[in-house]
Every structure is written in C-alpha cells, then in structure tokens.
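These are the residues of each chain, in order.
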Amino acid sequence: MAGSSPAAPVSPPGALLSAADVARVVDRMAHQLIERCGGGGRAGDDRPTLADLVLVGIPTRGAPLARRLAARVEAFSGTPVDVGTVDITLYRDDLRMRGVRALEDTVLPDRGIDGRLVVLVDDVLYSGRSVRAALDALRDLGRPRAVQLAVLVDRGHRELPIRADYVGKNVPTSRSQSVRVHLTEVDGADEVLVTEAQR
Amino acid sequence: MKRHLLEAADLDRADATLVLDTAAQIDAALAGREVKKLPTLRGRTVVNLFYEDSTRTRISFELAAKRLSADVLNFSAKGSSVSKGESLKDTALTLEAMGSDAVVVRHSASGAPHRLATWVRGSVVNAGDGTHEHPTQALLDAYTIRSRLGRLEGVRVAVVGDVLHSRVARSNVRLLSTLGAEVTLVAPPTLLPVGVGSWPAEVSYDLDAVLPKVDVVMMLRVQAERMTASFFPSAREYSRRYGLDARRMGVLSDDAIVMHPGPMNRGMEIAAEVADSARSTIVEQVGNGVSVRMAVLYLLLGGAPS
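The structure reproduced in this document is the subject of the present report. (Residues numbered from 1 in each chain as written. Chains lettered and ligands numbered in written order. Predicted model: local features only at pLDDT ≥ 70, side-chain atom pairs only at ≥ 80, totals over all residues. Heavy atoms only, no water.)

Below, the discussion takes up the packing of helix 1 (residues 13-30) of chain B against helix 5 (residues 135-149) of chain B. Residue and element names in this part refer to chain B. Remark: helix 1 packs on helix 5, axes separated minimally by 10 Å, with the N-to-C direction vectors making an angle of 65°. Comparing their axes, helix 5 and helix 1 come out roughly perpendicular. At the point where helix 1 passes helix 5, the crossing takes the right-handed sense. Contacts between helix 1 and helix 5 involve T17, V19, L20, D21, A23, A24 and D27 from the former and L139, A142, Y143 and R146 from the latter. A class-by-class count of the residues in the contact of helix 1 with helix 5 yields seven nonpolar, one polar and three charged. (Axes fitted to C-alpha atoms, helices over the stretch in contact; angles between N-to-C directions. Helix = DSSP H or I, 4+ residues; strand = E, 2+ residues; numbered from the N terminus. Parallel < 35°, antiparallel > 145°, perpendicular 65-115°, else oblique. Left-handed = near helix turned anticlockwise from the far one by under 90°. Contact = heavy atoms within 4.5 Å. Nonpolar A, V, L, I, M, F, W, Y, C, P; charged D, E, K, R; others polar.)

In structure tokens:
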C-alpha cells in the first residue's frame, strides 16, 4: 500500500468505478441538473427551477443515490431539493417469472409531484423495464410537468424505447456480464463492478 | 410462504412478519393517492366462495383483489347451484375449470378449506371455517395492534367472550403467540373449548382481574347462531360478568386499546360508548383488513404460477 494515502479507499481489481470516481460522477450529474434547471424563474424563461425539481429514487440503490444527488445540488446551488422514493415492486411485469419479493418504501415530498419536474434516479439502466414500472407508478401518484431519468451506469441492451437524460457512465457490456453498483448506505462501500455472471 | 393460507399455524414468525410489513408498505404507498389501484395481479382471477353470510370479510377480500387489479368472481351459496344440491367439490372444480387462481372460502363446516385445498390447483385462503380458524382476521388484528402500540413482542392481549365458537379467537391465539404476544383468554367455563389448556394462552374466568394488566382487550361476538345449548343463564348475566362497559374501560391502562372483530352486539359484549370511544380500533380494523388481505393475495399469487 506504499504511496497511497491511508484515507484513499481501495477498490478491488476490476472495479469500473472507485469510490472517488462515484463521488466525481455524482458531482457532475448534480451540476448537470443545476444547469438544466438553473435558468428558470426569470421573466420569459419557462424552464423549471430547482424548486420545481423532485429527485425520486427507485429502491434499493436509487433511493440513496437520489439523496446524494440532492445533497450535492444543494451544496453547489444553495437551494434545497425535494427527494422521494417510489417502490416499483407492485408495478413489475416479471412477478410471474421472478416471484414475490418484499416491498420497499414509497415516500413523496409533502408538496407532491403534480406540476413538478420529476427526475427518476436509479443505479443501473439495463432493459428499461424498471423505469417503465416506475413511470406507471408515477402516473398513479400524480401528474408531473415532466419526467426525466438519471442513472449512475447505462449498460445498454434496452428492451423498451427508454433513454436516460443524465448518465454517470456509459458502459458497453455483454448480456452475460453483470454490473453491480455498491453504495455505502446499502453495501458499506462505494464502487461499480463488472463481472462475468456465474452460470 | 406456503401456497395456501388455511390456518394461522401456516405462518411462521418470518412469514407473518412479512405479511404485516407488506401490508404496511401497501398502506403507505396508497395513502393519500387518488388512484388507489395497483396493476400487480392483472389477469389473475380470485373467486370469493362464501357459503356463510358475511359483510366485511367478503367486501374486504373483494376490494383487496380489485385494488390489485385481479378479476373477482363473487359466489354465495344462496342463489347458486348449491341450493340444487351441488357439492363443495363439484362447485370448486367448476370454478377451477373457469380458470381461478385463488379461492377465498368461507364455510360453516370446520375444515372445508383444507378439503378444498386438496382439490384445486390454485391457492386457497380460509376466510372463516365453522368454529375453526379465520387467519386473515388474526393478521389484521395483529397489524392493528402493531400500528397502534408499535410492537407485538410482549404485548399482553385479553381475548374475552365466546372462545368456544370463535374462529377469530383460535387464529388470534396462534398468530399472536407466534409473534411474541402474551394472550389471556377470559370466558365463562362453558364457553371455553375442551383442551384449551394446551393452547399457548393463559385462561381466566374473571374479567375484572385481567383488565388492569393488559394492553389490548379483544372482545368476541356472542354467536347467537351457534348457541345450541344454554351456555349462560341470561344475556343480562353474561353482559354483567363479561361485557365491556364504561366502568370496566376505566380500569384499563392509559394506552390500552379495545378491539372487536365485528359484527358487534352493542349492549351485550360491548357497550356502545366503549365501541365508539377513542380506545376502540373497530373501524380501523376494517380498514386495515383491506391492506392485510392485499398483502396476503400479493404474497400468495404474485409469484410464479404453479
């Protein structure tokens, strides 16, 4: 370990993103959110403002990711941003194939999502089916002014016409690989791993 | 989870907790929404097979299935081929041939759901069989206790009244003890079943002695339709010794709650002023019933079809 500072987190070989990379990527995405929303509020500018923004995480790892993004947006812009989570388990189209699983929280800000800019936040964008389920769930929860999508990793292989508005990192993968995002809040460490799936 | 929910003993502690947690999540997810409907069970068919009268249980199951977007068939013995003499088995096979994924059954014969479960391929949910069990009622009671008191472990529950005929009592004793609560049955000796000593519960004949020591009082309905012998001298005497009136409510600890599975005999086992008091969870129980039954249907039907 000579030469590396003691505080630097060590990622195993094969990590696509280290903890420091994850932090940088989240910061960049926060800046992009501010850029998209920053100009609103002035006369003649009908873009949404940061006050209109709601970051809605898709559990499990989208939820802490949304909270982190909100914290960074607030740190850079000085404006607090509303955060929520929406559990999509009951909206999935693969329950019959994959069986039931425990539900997670659905929490929306007190102001709700009507007329606001909702940015869905997830860790990995793959087939797009989670996002479709989240869109269905949002439709039952209110009528946002617009819905956008932010993901930490886009690994391709879409099965639905869905694309992300904010991407932390594009990673070309094969379907036999598996992309794992670990976050401190859930897994005890920040890193993104690409592994060959065990068959 | 097992494929069927026939009695409270089908649920171990982990399963029962999963049902309650799922119900709580569903409750939270649907709270304050305009569209109280989820697409989860689209294309699944749930049959409500009711051989006995019921208001809240049948409606509750129907609403739970509909909120999960399942198709619901309501069958009641009255006005069906049952009055022409069709057997339970033939009726069940007919419904299965029409493609039902789950059968919710209420029957006056104890054990009917167990028989049914051996004949059909889908899931069977017991919605009350004779004097045997009513597991979803016990789940919604446990859910109500947990949401009011914040816990089940160590909660002291008195179950008062006609234990002999009560499927609610049987299921509750089993489920609540599975979940770590301490149950005391309070009833006149004539209304306690044979073998009650082997149940995971204490037994007392003296309501006044038990009330100050409990967190939950669950009053049971005096089931006039099952009173085939003289179990107590008069309704008045029963009410005086085992009815919950305002005076008795006064000796309860400050945050103790009063429950009743309904339908109530006001003035018999429970006084109107008790039923309508702030301690009473009776209306809450009905609302919680829908969430708990949604959780049960989701957990039984959401997975891979067998």
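Structure's up, so let's keep going.
Residues and elements named next belong to chain B. Relative to each other, helix 2 (residues 56-67) and helix 11 (residues 282-301) sit at 50°, their axes nearing to 8 Å. Our classification of the angle between helix 2 and helix 11 gives oblique. Along this stretch, helix 2 crosses helix 11, giving a crossing that reads as right-handed. Here R56, T57, S60, F61, L63, A64, A65 and R67 of helix 2 lie close against helix 11, whose contacting residues are V286, G289, V290, R293, M294 and L297. Here the contact of helix 2 with helix 11 is built from residues that sort into eight nonpolar, three polar and three charged.

By a widespread convention, an interface's size corresponds to the accessible area lost as its parts come together. Counting residues at the interface gives 20 residues for chain B and 15 residues for chain A. Summed over both partners, the interface of chain B with chain A comes to about 1,500 Å²; 59% of that surface belongs to carbon and sulfur atoms. On the chain B side of the contact with chain A, Q25, R33 and Y298 of chain B bury the most area, a combined 32% of that side's loss. Scanning the region where chain B abuts chain A turns up one salt bridge. Residue R33 of chain B pairs with D140 of chain A through a salt bridge whose shortest N-O separation is 3.4 Å. Counting across the interface, chain B meets chain A through six residue pairs in polar contact (both at pLDDT 80 or more). When residues of the side of chain B that touches chain A are assigned to their parent elements, the largest contribution, five residues, is made by helix 1 of chain B. Tallied by class, residues from the side of chain B that touches chain A come to 10 nonpolar, six polar and four charged. (Buried area = accessible area lost by both parts, 1.4 Å probe. Salt bridge = Lys/Arg side-chain N within 4 Å of Asp/Glu carboxyl O. Polar contact = N/O pair within 3.5 Å; in protein donor to acceptor, adjacent residues only side chain to side chain.)

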